[in-house]
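Coordinate inspection notes
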Amino acid sequence: MLESIFDPAFADSVARISIPILLAALGGAICHRAGVFNIALEGFLLMGAFMAVLGSHFTGSATWGTLSAICGGIFMALLFAEFHLRRPGDPIVVSIAINLISLGLSTYLLRAVFDVSGVFQSDQIQKIALIDIPLIKNIPFLGSFFSGQSLLFYLSLAIVIFAHFFFKYHQLGIWLRAAGENKQALEAGGVSSKKIQFIALILCGALCGLGGAQLSISNVGLFVENMSAGRGWIAVVIVLVTGGRALPLLGLVFLFGTIDSASLRVQGFGWPQQFTEMMPYLASLLALIFVCYRKLKFEKNTRGIRNV
Amino acid sequence: MTHRLYSLLAASMLLLVTFASLIWLADADFFKSIMAFFKGAFGGRKYAYLLVTISKAALITGMAIAALIAFRAGLFNIGGEGQLVIGGLASAFVAINLPFGGPAGIFLVLLAGMIAAGVWAIIAGIMKLWLGVPILVGTLLLNYPARYIASYFVSHPLRDISSGMPQTHLIEKSLWLPLIPGTRLDIGFIFILFVFCLVLIYCYRTVGGYEAKMTGLSIDFANASGLKTKKISLETLALSGAIAGLVGAIAVLGLHHRFTDGMLVQPLYAWTGIVAALMVSLIPWAVLPAGFFFAAIHSGASGMERTADVPKEIAIIIQGMIILFVASKVPTAFNQNIGDGK
């Protein structure tokens, strides 16, 4: 049973499934670090996925599709920024509204522009090209993980490593963290925290847009109503669990990717489809419980010390 | 005052422009769509569409009440969807297996839905109080297991194979909610009105309601005043879940007479309810008109889809925009720092 789950195609699917969540979680991490409580990742991702298909269909080019996905994500981020930063909207309420608007707008445009409901598929949709890496692709098992993926896979890995150093050493990264941890200090230093948070939101929108592009024009090459299907929420949980740190985030995302693609595999063994589809959500719940419980215990144990 | 008037005017203009451009995108006639919208929301032969709006409004208001009760106690329960589904599933299960019908049967079925959904909501409360999981994320993540559990039950053990759809058998006629004479409207909305009145009394006139509100406004103050905040939180969550379960049971017994996969998730009852409660910034009595307002938008959009060929999802977009504008006028409906898991 184990060999039939863990074959090269499995390694490939882990990578493909993980990228949208990874990109969305990176966007979420930037917002989290900058002190923007953004739970609209689901909406950003969905809009990105839809705009990718729209762009790719009308221009016949995957590059333009990806760019329009980025624009879609940024557009939703601008909406978020307008109502949460420039006006004093509650981030949770704004997030719920943005998730609704994304769901409504993508489904509406699907039916208004393409005249189909449910699934949109066409020959004009160009998929993002896959990249074969000469030597690496011959490594058994890992080869199909690291080679033959879309450009976005390598890009997202690079962004993770970049983000790690960015938060630590880069001026903007430090400002971002300051905006989240100590707004007053940042303002005293002459930097507008609103501006920094605005930049964080735009970056988040762009990253989620890329994640959406991976979802629709790389993994499959079509658009389905409500395509993000909870991935954005899983990204939110991952961000909360890792506290927005880039490297733990990467590990957790691949853990989820593994669970997700394993759950697709065990469907072949006659497990009910509903139970296997539920597994990623249960896994994120368990991860959340684990981390929150440790934090709770830590706070309980150190209460005496911290109060001194 | 003039400033507020201007901003209201600007918001309405922006909404109208969005509305018009969306209709233009769908290649539909603007005035025909508007007519179709009002007819779909309030008109029809013998006011048939108005009755549909009322029955939808009942479900949305029910979910709004469920959200309101939790929110005002500082519990950001956005898992109404999961509680609704579990309540609907449990009531369908009991209704199919119940050997007798009539009012007693209906009462039992409603009770089953309420208990199941209440228990489902308490799970999130337990995770919050003893494991430290923020209510917001805990309730949200429980939505998905609920959805898949219901989906499993209606596609395997409870499935009506002959219908070809993932749905349960039709419920015995004696368990259906009776119709208002001369119409096709079931009495489900009366139950919701009754609950609404009870909740008004609970919010404005009872000690329990006051203590819940106090816990929501400042949990430290409530603790210092000697309230058992843990108990209050769990009770409030159970109450909120039970109301969501009642809505699910009413939808099963009154509207659909069976449980079909996705029938409570797809129309976004729970999210619309949350939005309705937030729109009126958690003022209990205002939840009823807000629920009716959103129900009218939804059935008006269905009317536009029928006659003017405008996809009905326009309702969701308009709803999202309205809540954005309202959110920017009412800074925080919550004094609690929910996001940090406190």
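Every value quoted in this text rests on a predicted model; they were computed, and no experiment measured them. (Residues numbered from 1 in each chain as written. Chains lettered and ligands numbered in written order. Predicted model: local features only at pLDDT ≥ 70, side-chain atom pairs only at ≥ 80, totals over all residues. Heavy atoms only, no water.)

1. Topic: the interface of chain A and chain B
Counting from both sides, the interface comprises 42 residues of chain A and, opposite them, 52 residues of chain B. Carbon and sulfur atoms supply 80% of the area that chain A and chain B bury against each other, a total of about 4200 Å² over both sides. When the buried surface of chain A facing chain B is broken down by residue, A:Leu100, A:Tyr108 and A:Gln274 rank first, second and third, together holding 17% of it. Counting across the interface, chain A meets chain B through 2 salt bridges. At the level of secondary structure, the elements contributing two or more residues to the side of chain A that touches chain B comprise helix H4 (62-86), helix H5 (91-113), helix H11 (231-242) and helix H13 (273-301) of chain A. Broken down by element, the residue count for the side of chain A that touches chain B peaks at 15 residues, all from H5(A). Residues that form the side of chain A that touches chain B fall into these classes: 31 nonpolar, 6 polar and 5 charged. (Contact = heavy atoms within 4.5 Å. Buried area = accessible area lost by both parts, 1.4 Å probe. Salt bridge = Lys/Arg side-chain N within 4 Å of Asp/Glu carboxyl O. Helix = DSSP H or I, 4+ residues; strand = E, 2+ residues; numbered from the N terminus. Nonpolar A, V, L, I, M, F, W, Y, C, P; charged D, E, K, R; others polar.)

2. Details of a nonpolar patch on the surface
Taken together, the side chains of B:Phe100, B:Phe107, B:Leu108, B:Leu111, B:Ile115, B:Val119 and B:Ile123 present a nonpolar region at the surface, about 600 Å² in accessible area. Residue placement: B:Ile115 occurs in helix H5 (residues 102-131). (Patch = residues over 30% accessible without salt bridge, like charges linked within 9 Å, V, L, I, M, F, W, Y side chains within 5 Å. Areas by Shrake-Rupley, 256 points an atom, 1.4 Å probe, with all protein chains shown as cover.)

3. Brief notes about the side chain of A:Glu42
Residues and elements named next belong to chain A. With respect to the helices, strands and loops of the structure, Glu42 is situated in helix H3 (residues 41-59). At 7.4 Å, Arg231 is the nearest oppositely charged side chain to Glu42, a buried residue that forms no salt bridge. In contact with Glu42, not counting residues within four places along its chain, are Asn99, Asn226, Ser228, Ala229, Gly230, Arg231, Gly232 and Trp233. (Buried < 20%, exposed > 50% of the residue type's maximum accessible area, 1.4 Å probe, protein only. Lys, Arg positive; Asp, Glu negative; His and termini not counted.)

4. Looking at the packing of aromatic side chains
Using the criterion set out here, one finds 22 aromatic pairs over all chains in the structure. Both rings, one in A:Phe162 and one in A:Phe166, keep their centres 5.6 Å apart while their planes meet at 25 degrees; by these two values the pair is stacked. With A:Phe162 and A:Phe166 both in helix H7 (residues 151-169) and 4 residues apart, the pair spans about one turn of that helix. Note on A:Phe166: relative accessible area 10%, which makes it buried. Note on B:Phe37 and B:Phe38: the rings are 5.5 Å apart at their centroids and 85 degrees apart in plane angle, and the pair reads as edge-to-face. Given the relative accessible area of 16%, B:Phe37 is considered buried. (Phe/Tyr/Trp six-rings, centres within 6.5 Å; stacked < 30°, edge-to-face > 60°.)

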